[in-house]
Amino acid sequence: MSSIPETLRSKGLKVTPQRIAILNMLMNTKAHPTAEAIFKALEPTNPTMSLATVYKTLDSFTAADIIQELSIDGESLHYDYNTKFHPHLICRKCGAVCDIDADISDEINSIIKKVSSESDCSIDREQLFFYGLCEGCK
């Protein structure tokens, strides 16, 4: 596994303390935080980092395919370090976003092929969300 600076350099991104802090946080959480949540969590140890810097950094990480952006509620974006396809559960009560570890890649690939062959669309990304109650809210 490469270090954070090596990861950033390999994607053509400049290595900065802010980028290292943001990527380190995303690499070490199972949560799918919003930009605002990342900013609040890192503010005590990075007092000079602005919310604008967090947004710009997340945009550059998404464009470089280091993280994935999850548009869940149509209002805020959540961020996930795991860029491989995997479904998510969104809790209807607390709003938590949880990974579902079921391997359904064969089924998804079958659906993608079917949709592609029966339409004039080309699919370049997929996300699958289930809504229910998380373990803590059940």
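Structure's up top.
A short tour of the structure in this document, coming up. Here, residues in each chain are numbered from 1, in the same order as that chain's written sequence. Local features in a predicted model are, by the rule used here, given only for residues with pLDDT of at least 70; side-chain atom pairs are given and counted only at 80 or more, and totals for whole chains, interfaces and linings are based on all residues. With hydrogens and water excluded, all non-hydrogen atoms of the structure serve as input to the side-chain values.

### Let's talk about the overall build of the chain
Reasoning step 1: Secondary structure elements follow DSSP: runs of H or I of four or more residues count as helices, runs of E of two or more count as strands, with numbering from the N terminus. Helix and strand counts for the chain come out as five helices and five strands.
Reasoning step 2: Start at the N end of the chain and walk to the C end: the helices and strands fall as α-α-α-α-β-β-β-β-α-β.
Reasoning step 3: If one aligns the C-alpha atoms of the chain with their principal axes, the spans along those axes are about 50 × 40 × 30 Å.
Reasoning step 4: Whether a residue is buried, partly exposed or exposed follows from its accessible area with a 1.4 Å probe, protein chains only, as a fraction of its type maximum: under 20%, in between, or over 50%, in that order. Classification of the 138 residues of the chain by burial places 34% in the buried group.
Reasoning step 5: For the chain, contacts bridging at least 24 residues in sequence account for 48% of all contacts bridging at least 6.
Reasoning step 6: Surface exposure of the chain reaches about 8800 Å², of which carbon and sulfur atoms provide 52%.
Reasoning step 7: Neither His nor the chain termini are counted; the positive set is Lys and Arg, and the negative set is Asp and Glu. By convention, the charge on Lys lies at NZ, on Arg at CZ, on Asp at CG and on Glu at CD. Of the side-chain charges in the chain, 14 are positive and 19 negative, and the distance between the mean point of each set is 5 Å. Two residues qualify as a contact provided that any one of their heavy atoms is within 4.5 Å of a heavy atom in the partner residue. Computed with a 1.4 Å probe, the accessible areas rest on the Shrake-Rupley method; for each residue, only the protein chains presented here act as cover.

### Looking at the nonpolar core
Reasoning step 1: Side-chain atoms within 4.5 Å link the members of a nonpolar core, which is a set of buried Ala, Val, Leu, Ile, Met, Phe, Trp, Tyr and Cys residues. I22, I38, V54, L58, F61, I66 and I67 are the most contacted members of the largest nonpolar core, which has 20 residues in total.
Reasoning step 2: For this core, the elements supplying multiple residues, two or more each, are helix 1 (4–10), helix 2 (17–27), helix 3 (35–42) and helix 4 (51–63).
Reasoning step 3: Formed by five residues, the second largest nonpolar core is a distinct cluster that contains L70, I72, I90 and V97.

### Focus: the pattern of salt bridges
Reasoning step 1: A side-chain nitrogen of Lys or Arg and a carboxyl oxygen of Asp or Glu constitute a salt bridge if their distance falls within 4 Å. Taken as a whole and judged by the stated rule, the model has one salt bridge.
Reasoning step 2: The partner of K114 in a salt bridge is E118, and the shortest N-O contact between them spans 2.8 Å.
Reasoning step 3: Classification of K114 by relative accessible area gives partly exposed; the value is 49%.
Reasoning step 4: For E118, a relative accessible area of 58% gives the class exposed.

### Overview of the sheet that holds strand 5 (residues 129–132)
Reasoning step 1: With mixed pairing, three strands are arranged side by side in an open sheet as 4-3-5. At either margin of the open sheet sits one strand with a lone partner, and together these are strand 4 (97–99) and strand 5. When the angles between neighbouring strand axes are averaged without regard to direction, this sheet yields 30°.
Reasoning step 2: Bridge analysis of strand 3 (residues 88–91) against strand 4 gives three bridges, and the strand direction is antiparallel. Each pair of strands is called paired provided DSSP finds at least two bridges between the two strands. The axes are straight lines fitted to the C-alpha atoms, using for helices just the contacting stretch, and the angles between their N-to-C directions are given from 0 to 180°.

Take it as geometry only, folks, not as evidence of what the structure does.
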